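# Examination of the molecular architecture
Each chain is listed here by its residues.
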Amino acid sequence: MIEIKDLHKSYKMGSNSLHVLKGINFKAEEGELVAIMGSSGSGKSTLLNILGMLDVADEGEYILDGVPIKDLNETKAANYRNKFLGFIFQSFNLINYKNALENVALPLYYQRMPRKARQEKALKYLELVGLKDWAHHLPSELSGGQKQRVAIARAMAAEPKVVLADELTGALDSVTSYEVMDLVQKINDQGNTILVVTHEDDIAHMCKRIIHLKDGVIEKDEKVKQVRASEYV
Amino acid sequence: MFNRDRWKEILEVLTTNWFRTVLTAFGVFWGILILIILLAAGKGLENGIKSDFGDIATNTMFMWTRSTTKAYEGLPQGRSFEFKIEDVRTIEENVPNLRYISPRNRLGGFRGGNNVTRGTKVGAYNVYGDYPEIINQDPMTITAGRFINHNDINDKRKVAIIGNGVRNDLYEKDEEVLGSYIKIQGVNFTVVGTYKKNSNDGDGEEGQKQIFIPFTAFSQAFNTGGNVDWMAITANDGYSITSLKEGIIKLMKEKHKVHPDDTRAIGFFDIYERYNRVESLFGAMSFIAYFVGILVLVSGIIGVSNIMLIVVKERTKEIGIRRALGEAPWSIKMQILMESIFLTIISGMAGIIFGALFIYGVNALLDANGPVDMFLNPSVSLGVVTAALIILMLSGLLAGFIPAQSAIKVKPIDALRTE
Ligand SMILES: Nc1ncnc2c1ncn2[C@@H]1O[C@H](COP(=O)(O)OP(=O)(O)O)[C@@H](O)[C@H]1O
Ligand SMILES: [Mg+2]
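Keep in mind that what you see is a predicted model, and the values were worked out from it rather than measured.

Scanning chain B from terminus to terminus reveals 14 helices and 14 strands. The globule rule puts the C-alpha radius of gyration for 419 residues at 22 Å, and the 33 Å found for chain B is more than 25% above it. Referenced to the eigenvectors of the C-alpha coordinate spread, the extents of chain B come out at roughly 105 × 60 × 30 Å. Across the 419 residues in chain B, those meeting the buried criterion constitute 48%. For chain B, the proportion of contacts with a sequence separation of at least 24, taken over those separated by at least 6, is 77%. As displayed, chain B has an accessible area near 20,600 Å², and 59% of this comes from carbon and sulfur atoms.

Structural data, given as structure tokens:
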């Protein structure tokens, strides 16, 4: 589903250059639930942003479901993001003047789906994350865990090939974190490919595979026995 | 572009900060209001002054004789002379591109003694001896019967065309006018027509109290021989009477043995020149109105642009999220542009409506208090309003352009980082 080869990325700051990714290679198949782990500043977000086409690599190849991702301009990138990818952010990133339903429907709107179909579908995904009754609430009326579940519904709504989550539990307490991870696992059980960036060991072990990043390279890539979040809830 | 979600969002964004939106809108509102009022005031002044010209063909001059101020060819200074009916032929033959040359004579006057009687009724009116063409130079509407024709001229028929004012003075309300007789200085004339003049200035009353009779009948009845009091001369379209005037006057000076440098001997009034001067004055005035109005409008537009920039800045994160979710850059730009255009047009419309109400009020006041000198019916044409709307549309586009550009300048990844 995802294949990257020899990915390099450095940030230039004035005359200095910070080489963050120094040749990353990996493959993820459809239906995988992969954790990308590493200490703070190890380049996890940088990698995820490149996978999410929010940023571009300096070097290397990126193939998403057989489509080589290259020569991206903003319009093309936006189109690919919309069709291929779902995002979950640490800080939820919901639009605060739109209610939960409208937030979830947003990616569908950018696909020019008719209003009615859009709302039906958005409601279906809100139901999936257990927030059907909160559809008409603004983000400010929701708890952190609820917000993140709305964000998950939004990431799923466009039925993307891959869901990318950056520290999705970073702003949540541990109980809520496990609830959210439980949801992520259930979504993965349905066959969705999910990449989770985290620096927390317990969260990483709720995935099926852990990629350890260190000093800009993959230090270790291991399959793990998945810990079900439901055991903790 | 015109879908419900976009409009919903525009309204959401503009209504989040009501006070700011209204304040911003005020700049544009004020600009367009000033533009409309200035243009209307200019139009009012223009209408007021132009109505003094009445319907008179504007490419026309009047020419009359005075006494000479220089001795010439043995003739003394201070000599008085008269135009003759032959002069018309002379001008016709020597000056090309003239449309009408109408010799005219006049009898009596508004402030003169009574000169017209009908039975026991009497009145003082201007009586003109005219050729048929005068109706094209000093237009009037024939309300009954006919105007002077060439047979009247050739046969020296004693017929008269009287104004509605004269009719009201000398006739009962439902009395038959056509075919009746009036006595002009003791001479009987048959009334063959009545007229009405369109003039809304102060001379309107007097304009309806004139009597027109054939030039030849005038000469015969009142013993003026071949004399001509003055001439009304109109140039062909495409030629200005102002440029032909010199040649005509020079010709007349030669004919009547007037010193070529005697500028006082022949008097004239060049309507075309006057009219042009007024025209260019109003051209300048509407230029100033547009200039001032548009300057004020521009400052309003800069205000809109400024606020839109701030709004975009405040929404950096939101725009970042939307782009991350796959909204195309053009769509973001469109959103900002539409917000800007919407704000501009709504406030501009308010300005136009307010301006129209203001003009309406002024007109109502003018109507209620009677005419004011040199000011009549201030108004703006539909064309101006359309132009204003187009200007607004473009302004909104212009005002939104820089903010729209800046909205997509920040990369989504950078926008999302700002917390
Ligand atoms: N836009 C940027 N400009 C310069 N340096 C950056 C930028 N983004 C990230 N970095 C640096 O790159 C390194 C990796 O960052 P990041 O990928 O965010 O790490 P992680 O998500 O693993 O904590 C850090 O040292 C960070 O300071
Ligand atoms: Mg990070």
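Read on for the rest.
For the rest of this paragraph, the subject is the site of ligand 1. Residue and element names in this part refer to chain A. Around ligand 1, the surrounding shell holds 13 residues, and the nearest of these are G41, G43, K44, S45 and T46. One of the side-chain nitrogen or oxygen atoms of T46 is found 2.5 Å away from an oxygen atom of ligand 1. Isolated, ligand 1 exposes 560 Å² of accessible area, and the fraction of that covered by the protein chains is 67%. Sorting the residues of the shell around ligand 1 by element identifies β1 (2-13), β2 (16-28) and α1 (44-51) as the ones contributing at least two each. For the shell around ligand 1, the element with the most residues is α1, which contributes three residues. Here the shell around ligand 1 is composed, by residue class, of four nonpolar, seven polar and two charged.

Residues and elements named next belong to chain B. Summary statistics for chain B give a mean pLDDT of 87 and a share of 96% for residues scoring 70 or more. Here helix α7 (residues 204-207) stands out as the least confident element of chain B, with mean pLDDT 75; strand β8 (residues 159-163) is the most confident, with 95. Confidence metrics for the complex model read pTM 0.70 and ipTM 0.91.

This next bit is on the sheet that holds strand β6 (residues 85-88) of chain A. Residue and element names in this part refer to chain A. Read from one edge to the other, the open sheet built from six strands follows the order β6-β7-β8-β3-β9-β10, with strand pairing classed as mixed. Looking at strand neighbours, the two that pair on one side only are β6 and β10 (217-223), the edges of this open sheet. Within this sheet the neighbouring strands show an average axis-to-axis angle of 20 degrees, counted without direction. Pairing of β6 with strand β7 (residues 162-166), which is carried by four bridges, proceeds in the parallel orientation. By the bridge assignment for β7, F87 is matched with L164.

Interfaces are often sized by the accessible area lost when the parts come together. The assigned domain composition of chain B is domain 1 (4-53 + 276-417) and domain 2 (60-271). Summarising the inter-unit geometry, the C-alpha centres of domain 1 of chain B and domain 2 of chain B are found 54 Å apart.

Residues and elements named next belong to chain A. Where strand β9 (residues 209-214) lies against β10, six bridges are found, and the strand directions are antiparallel. Residue pairing across strands places L213 opposite I218, the latter belonging to β10. Hairpin connection of β9 to β10: two residues between the antiparallel strands, including D215 at a positive phi of 50 degrees.

Listed by partner, the interface residues are 25 residues for chain A and 26 residues for chain B. Among the residues of chain A in contact with chain B, Y97, Y110 and R115 of chain A are the three that bury the most area, contributing 26% of the side total. Where chain A touches chain B, the interface holds six salt bridges. One salt bridge connects D5 of chain B with R118 of chain A, and the closest N-O pair in it is separated by 2.5 Å. Applying the counting criterion to the chain A and chain B interface returns 13 residue pairs in polar contact (both at pLDDT 80 or more). Of all the secondary-structure elements, those providing two or more residues to the side of chain A that touches chain B are α2 (74-84), α3 (100-110) and α4 (115-128) of chain A. A class-by-class count of the residues in the side of chain A that touches chain B yields eleven nonpolar, five polar and nine charged.

Counted according to the given criterion, the structure contains 37 salt bridges over all chains. In this structure, the salt-bridge partner of D55 of chain A is K9 of chain A, at a minimum N-O distance of 3.3 Å. Taken together, the residues D55 of chain A in the loop between α1 and β4 (59-64) and K9 of chain A in strand β1 connect sequence positions 46 residues apart. In this structure D55 of chain A comes out as buried when scored by relative accessible area, which is 9%. Judged by relative accessible area, which is 8%, K9 of chain A ranks as buried. Of the charged contacts, one joins E9 of chain B and K98 of chain A as a salt bridge, the two residues approaching to 3.0 Å between their closest N and O atoms. One end of the pair, E9 of chain B, is in helix α1 (residues 4-16); the other, K98 of chain A, is in the loop between β6 and α3, on a second chain. Accessibility assignment for this pair places E9 of chain B and K98 of chain A in one class, buried. Within the structure, one salt-bridge network assembled from shared partners comprises K98 and E102 of chain A together with K8, E9, E12, R315, E318, R322, E327 and E339 of chain B.

About the cut-offs
- The residue numbers shown here count from 1 along each chain, following its written sequence.
- Ligands are numbered from 1 and chains lettered from A, in the order in which they are written.
- Note on the predicted model: pLDDT of at least 70 is required for a residue's local features to be given, and 80 or more for side-chain atom pairs to be given and counted; whole-chain, interface and lining totals, by contrast, use all residues.
- The side-chain values count all of the structure's non-hydrogen atoms but skip hydrogen atoms and water molecules.
- Counting from the N terminus, the helices are the DSSP runs of H or I reaching at least four residues and the strands are the DSSP runs of E reaching at least two.
- Only the C-alpha atoms count toward the radius of gyration. The rule for a globule is 2.2 Å times the residue count to the power 0.38.
- Note on exposure labels: buried denotes an accessible area under 20% of the residue type's maximum, exposed denotes more than 50%, and partly exposed covers the range between, all computed with a 1.4 Å probe on protein chains only.
- For this analysis, residues touch if any pair of their heavy atoms sits within 4.5 Å.
- Residue exposure ignores everything except the shown protein chains as possible cover, and the areas themselves are Shrake-Rupley values with a 1.4 Å probe.
- Being near a molecule or strand, for a residue, means having at least one of its heavy atoms within 4 Å of it.
- A 3.5 Å cut-off defines polar contacts: any pair of N or O atoms within that distance qualifies, except that in protein one atom must be a possible hydrogen donor and the other a possible acceptor, and neighbouring residues in sequence count only when both atoms are side-chain atoms.
- Note on residue classes: Ala, Val, Leu, Ile, Met, Phe, Trp, Tyr, Cys and Pro are nonpolar, Asp, Glu, Lys and Arg are charged, and everything else, Gly too, is polar.
- The pLDDT value expresses, per residue, how confident the predictor is, ranging between 0 and 100.
- At least two DSSP bridges between two strands are required for those strands to pair.
- Under this scheme, a helix contributes an axis fitted over its contacting stretch, all axes are lines through C-alpha atoms, and angles between N-to-C directions fall in the 0 to 180 degree range.
- Domain ranges listed in this record stem from an automatic or a database domain assignment.
- Here the buried area means the combined drop in accessible surface, using a 1.4 Å probe, for two parts upon being joined, counting both sides.
- Think of a salt bridge as a Lys or Arg side-chain nitrogen and an Asp or Glu carboxyl oxygen that are within 4 Å of each other.

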